[in-house]
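Spelled out, the chains give:
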Amino acid sequence: MVPLSNQTASSSIPPSASTSPRARWIHDVFLNFHGEDTRKNFTDHLYTALEKKGIIAFKDDEKLERGKYISQELLKAIRESMYAIPIISRNYASSRWCLTELAQIVECMRETSLTVLPVFYHVDPSEVRNQTGAFAEAFARHAEDPNIDTEKMQMWRVALKEVGNISGWHSHLRYESTIVQEIIKRILQGISRNFSTLSKGLVGIESRVEEMMNILGMGLDDIRFIGIHGMGGVGKTTLAEVIYDRISYQFEASSFIACIREETRNRGLVFLQKQLLSKIFMEREINIWDDRDGMNMIRNRLFNKKVLLVLDDVDREQHLTALAGSDDWFGPGSRIILTSRDSHLLKRHGVKDIYKVNELNNDEALQLFCLAAFKKPHPEENYVDLSKGFVKYAHGLPLALKVLGSSLFGRGTNAWKGAWGQLKANASKGILDILQVGFDGLEDLQKKLFLDIACFFTGEVLDSILMDILESFGYYPYLNVDILVEKCLITISSKRLRMHDLLQKMGQEIIYDESPEEPGRRSRLWHRKDVLHVLENNTGTEVIEGLVLNSPNQKDQERFSVKAFSKMTKLRILKIHNTSINVNSLSNLCEKLLNLHWHNDPLRSMPTHGLRVLEWFEYPSKSLSNSFEANNLIELRFPCSNLKQLWKGISVRCFLLVLLNFLLSTNRTKLVNAFFFLFNIYCFITEFREFETLRS
């Protein structure tokens, strides 16, 4: 079938951006239908398709008790929906319930701009408009019912006539699956149009979107890879998000995979392959054994589909090879958008159309800065010259403009002049100084929290464990994490702490400046070279608060003295990792050894009273020193350790900390012993509790 006409009645046109905004709807779609006619066929097919596309549909089903009168729940659901789809079938008019719902739908269509998309299921629209045929017979029966007054029947007739005049879908001689897909496309288009608030407040975005649309060539059946290239903070991801928001409804399937560079490092390519397929097919469980298996699955499942895929922040060829290998992975009309700082990487992958995102011009930059600093597109009186100075300094970089403006919001001219003087004093450091203005406006605790995130916790899941860790540092994270988010210094996405690369580099540069020549006098160490320097030369000091060693396997074995930690009296965080090992494979994990060798117990000489986080891959000793202090530990991990026994005097709380990661051992015998270890702990706790009960 085809729509009855190419024009939709004015009453069914969704509200545009120019109309007054309606209340936020709860449901995208309200389904109105006659159960016996369509519940188990067309309505069920449509509802399932809506769910797969992530469209929230309200379907009155058997869960709701039916009575003589329509429930307030249903009336409320109609008012809170963006679309209503009456599926008008042969016996539709025989149901007082259906007709009452329809009358309410028409009332909301007039009063709240509810969009009505009727489906005429094996009935002619003229029968609905004029109430002939089966509709005339149904009204004749209603007329004989003493419980139905004339006024109500007239209201039903008016509703049927009005809906019968709306352009919709007529199922005569058409495949139901085709009708369902047309309805889905129409709804997605409307939702996209109503949700295009993403671009509001994004200065200069429209001209860039228009240029991108010319490159995309929408409507053509070729398969295109399009690159978005530019420096960090210039708005590559934002542009991709706006494009995705506006055109995704035109594709059979779509997926936006964000932060690929970081996610690959944290979770691996297989995780991203699963995420891609899960988003497209709305399947929770995607079984992929390795990235090669994932490549085959993506190609085999998408080669005949028109797909919109956005791969954000790719920086290695393996990202592209594993997620979007070549044109023949996707169906005709597909568009694959790649954002990257590396234009050469895009060209190596065969991307011919690359859009360069340039910095904002002076007018755009001033507007964006003012939106952040004044919450309006132009500067306030007495701030004009100062604003222009900051805008000039930022050189049109959107991220820097937003951070600078946000840091000055609500401050007086003297504070602005002070901030300007500070920028001029450090002008040679360029963009990092721009970002540091936001940091300098923080309180001391917030600065320490920011630096810990920049050095150790970016990309970490912000769960209760991490919050406990931050709380143990005295950071009051439930307050100060929110403040950092408000100041645009961090974000929380998918429950993970995020920080823009430039902001993270700025924070790490602050630590570097604590002691440019000697890493052992810096408060936080995370670069492999700096950590090895401190351990090899025994240059650690009381300044060091955190040390993370991400060590790939090395050909040359490095040996360190146990005294390397002896002077680190303020150490709060210690993590020794092997980043080259695939933690998803236990056999692989246990076969590869970290080539760091220690004389004796490396923790023997360490002041451990201040440790909150301790993680050590392949901890070399068979036991921990009795002098080890664990009272302040929040997180303790010893994956693939050689530990056979712990120290004496450990508390039950610390036993529980080590259990999960202690179970990972280098051979089956140790694994069995670990389970016996767990059982012994259970017995110990039980006996201790019984003893306490008897003593009391």
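The model shown is predicted, which means the values in this text are computed figures rather than measured ones. (Residues numbered from 1 in each chain as written. Predicted model: local features only at pLDDT ≥ 70, side-chain atom pairs only at ≥ 80, totals over all residues. Heavy atoms only, no water.)

A. Quick look at the overall build of the protein. When helices and strands are tallied, the protein shows 28 helices and 20 strands. Burial status across the protein gives 51% buried among its 696 residues. Residue pairs in contact within the protein that sit at least 24 positions apart in sequence constitute 70% of those at least 6 positions apart. With the model as given, the accessible surface of the protein reaches about 34,200 Å², and the carbon-plus-sulfur share is 49%. (Helix = DSSP H or I, 4+ residues; strand = E, 2+ residues; numbered from the N terminus. Buried < 20%, exposed > 50% of the residue type's maximum accessible area, 1.4 Å probe, protein only. Contact = heavy atoms within 4.5 Å. Areas by Shrake-Rupley, 256 points an atom, 1.4 Å probe, with all protein chains shown as cover.)

B. Layout of the nonpolar core. Core analysis: the biggest nonpolar cluster contains 44 residues, and Met212, Leu239, Ile243, Phe369, Phe390, Leu401 and Trp416 have the highest contact counts within it. If we skip the residues at most four places from it in the chain, phenylalanine 390 touches Phe369, Leu404, Leu408, Trp416, Ala419, Trp420 and Leu423. Tyr92, Ala103, Phe135 and Phe139 belong to the second largest nonpolar core, which has 33 residues in total. (Core = buried A, V, L, I, M, F, W, Y, C linked by side-chain atoms within 4.5 Å.)

C. Seen up close, the pairing of strand 9 (residues 307–311). Judged by how many residues are buried, strand 9 sits mostly within the fold: 5 of 5 residues are covered. Strand direction decides the pairing type here: strand 8 (residues 253–257) and strand 9, joined by 5 bridges, are parallel. By the bridge assignment, serine 255 is partnered in strand 9 with leucine 309. Direction of pairing for strand 9 relative to strand 10 (residues 335–340): parallel, over a ladder of 4 bridges. Paired with leucine 309 across the strands is isoleucine 336, a residue of strand 10. Once you follow strand 9 into helix 14 (residues 317–323) and on to strand 10, the crossover reads as right-handed. (Pairing = 2+ DSSP bridges. Right-handed = clockwise from strand over helix to strand, strands pointing away.)

D. Inspection of the sheet that holds strand 11 (residues 353–356) at higher detail. Ordered in space as 8-9-10-7-11, the 5 strands form an open sheet in which the pairing is parallel. Two strands lie at the open edges of the sheet, namely strand 8 and strand 11, each paired on one side alone. Across the sheet, the axes of successive neighbouring strands diverge by a mean angle of 15 degrees, strand direction being ignored. Running at roughly 165 degrees to strand 8, helix 10 (residues 236–247) makes contact with strand 7 (224–229), strand 8, strand 9, strand 10 and strand 11 of the sheet. Contacts between helix 12 (residues 269–281) and the sheet are confined to strand 8 and strand 9, with strand 8 contributing the most and set at about 145 degrees to the helix. (Axes fitted to C-alpha atoms, helices over the stretch in contact; angles between N-to-C directions.)

E. The arrangement of the confidence of the model for the protein in detail. Taken as a whole, the protein shows an average pLDDT of 80; of its residues, 79% reach a score of 70 or greater. Confidence drops under pLDDT 50 across residues 1–23; counting only partners more than four residues distant or on other chains, this segment forms 44 contacts. The low-confidence segment residues 658–672, where pLDDT is below 50, has 34 contacts with residues more than four positions distant or belonging to other chains. (pLDDT = per-residue confidence, 0-100.)

F. Structural context of unusual backbone geometry. Although it is not a glycine, glutamine 131 sits at a positive phi angle of roughly 50 degrees. Here glutamine 131 is to be found in the loop between helix 5 (125–130) and helix 6 (134–143). Look at glutamine 131 and you get buried, because its relative accessible area is 9%. Phi angles above zero are rare outside glycine, and histidine 395 is one such case at about 55 degrees. Position of histidine 395 among the secondary structure elements: in the loop between helix 17 (384–394) and helix 18 (398–408).

G. Just the sheet that holds strand 14 (residues 524–525), in detail. Read across the open sheet, the 5 strands follow the order 14-15-17-19-20; overall the sheet is parallel. In this open sheet, the two strands that pair with only one neighbour each are strand 14 and strand 20 (635–637). Relative to the sheet, helix 25 (residues 528–537) contacts strand 14 and strand 15 (546–550), its axis offset from that of strand 15 by approximately 110 degrees.

H. The arrangement of a negative patch on the surface in detail. Together, Glu460, Asp463, Asp468 and Glu471 make up a region of like negative charge exposed at the surface. Its place among the elements puts aspartate 468 in helix 22 (residues 464–472). You can call aspartate 468 partly exposed: its relative accessible area is 42%. (Patch = residues over 30% accessible without salt bridge, like charges linked within 9 Å, V, L, I, M, F, W, Y side chains within 5 Å. Salt bridge = Lys/Arg side-chain N within 4 Å of Asp/Glu carboxyl O. Lys, Arg positive; Asp, Glu negative; His and termini not counted. Charge placed at Lys NZ, Arg CZ, Asp CG, Glu CD.)

I. Region of interest: the packing of helix 21 (residues 444–457) against helix 23 (residues 477–486). Put simply, helix 21 and helix 23 touch, their axes get as near as 10 Å, and they point 75 degrees apart. Compared by their axis directions, helix 21 and helix 23 come out roughly perpendicular. Note on element contacts: helix 23 touches helix 21 through Asn480, Val481, Ile483 and Leu484, opposite Leu445, Gln446, Leu449, Phe450 and Ile453. Its residues placed into classes, the contact of helix 21 with helix 23 shows 7 nonpolar, 2 polar and no charged. (Parallel < 35°, antiparallel > 145°, perpendicular 65-115°, else oblique. Nonpolar A, V, L, I, M, F, W, Y, C, P; charged D, E, K, R; others polar.)

J. Layout of the packing of aromatic side chains. Under the criterion given, the structure shown has 17 aromatic pairs. A ring pair is formed by phenylalanine 374 and tyrosine 383, whose centres lie 5.5 Å apart and whose planes are at 70 degrees; its orientation type is edge-to-face. For phenylalanine 374, a relative accessible area of 9% corresponds to the buried category. Tyrosine 383 sits in the buried class, given a relative accessible area of 12%. Cluster of aromatic residues (ring-pair linked, three or more members): Phe369, Phe374, Tyr383, Phe390, Tyr393, Trp416 and Trp420. The cationic tip of arginine 572 hangs over the ring face of phenylalanine 473; the distance from NZ or CZ to the ring centre is 4.3 Å. (Phe/Tyr/Trp six-rings, centres within 6.5 Å; stacked < 30°, edge-to-face > 60°. Lys NZ or Arg CZ within 6 Å of the ring centre and 35° of its normal.)

K. A look at the side chain of glutamine 273. Examined against the element boundaries, glutamine 273 turns out to sit in helix 12. Accessibility expressed as a relative area gives 0% for glutamine 273, which makes it buried. Not counting the four nearest positions on each side in its chain, glutamine 273 is found in contact with Ile288, Asp290, Asp291, Gly294, Met295, Ile298, Ala322 and Leu323.

L. Quick look at the pairing of strand 19 (residues 613–616). Neither face of strand 19 is exposed, since Val613 and Glu615 on one face and Leu614 and Trp616 on the opposite face are all buried. Inspection of the sheet shows strand 17 (residues 573–577) paired to strand 19 by 4 bridges, in the parallel sense. Within strand 19, the residue paired with isoleucine 576 across the bridge is tryptophan 616. One ladder, built from 3 bridges, connects strand 19 with strand 20; its direction is parallel. Bridged to leucine 614 within strand 20 is leucine 636.

M. Quick peek at the pattern of salt bridges. Inspection of the entire model under this criterion finds 19 salt bridges. Across the salt bridge formed by glutamate 263 and arginine 498, the nearest N and O atoms sit 2.4 Å from each other. Of this pair, glutamate 263 sits in helix 11 (residues 260–267) while arginine 498 sits in strand 13 (residues 496–498); the two residues are 235 residues apart in sequence, bridging distant segments of the chain. The class for glutamate 263 is buried, based on a relative accessible area of 5%. Relative accessible area serves as the criterion here: at 8%, arginine 498 is assigned to the buried category. The partner of glutamate 635 in a salt bridge is arginine 637, and the shortest N-O contact between them spans 2.8 Å.

N. Here's a closer look at helix 2 (residues 42–52). Looking only at helix 2, the buried set comprises Phe42, Thr43, Leu46, Tyr47, Ala49 and Leu50. End-on view of helix 2: buried residues confined to an arc of 165 degrees, all on one side of the axis. Phi for glycine 54, located one or two positions after helix 2, is positive at around 75 degrees. (Arc of directions from axis to C-beta.)

O. Layout of the environment of methionine 506. Structurally, the position occupied by methionine 506 is in helix 24 (residues 501–512). Counting along the chain gives 52 residues from methionine 506 to alanine 454, while the straight-line C-alpha distance between them is 8.6 Å.

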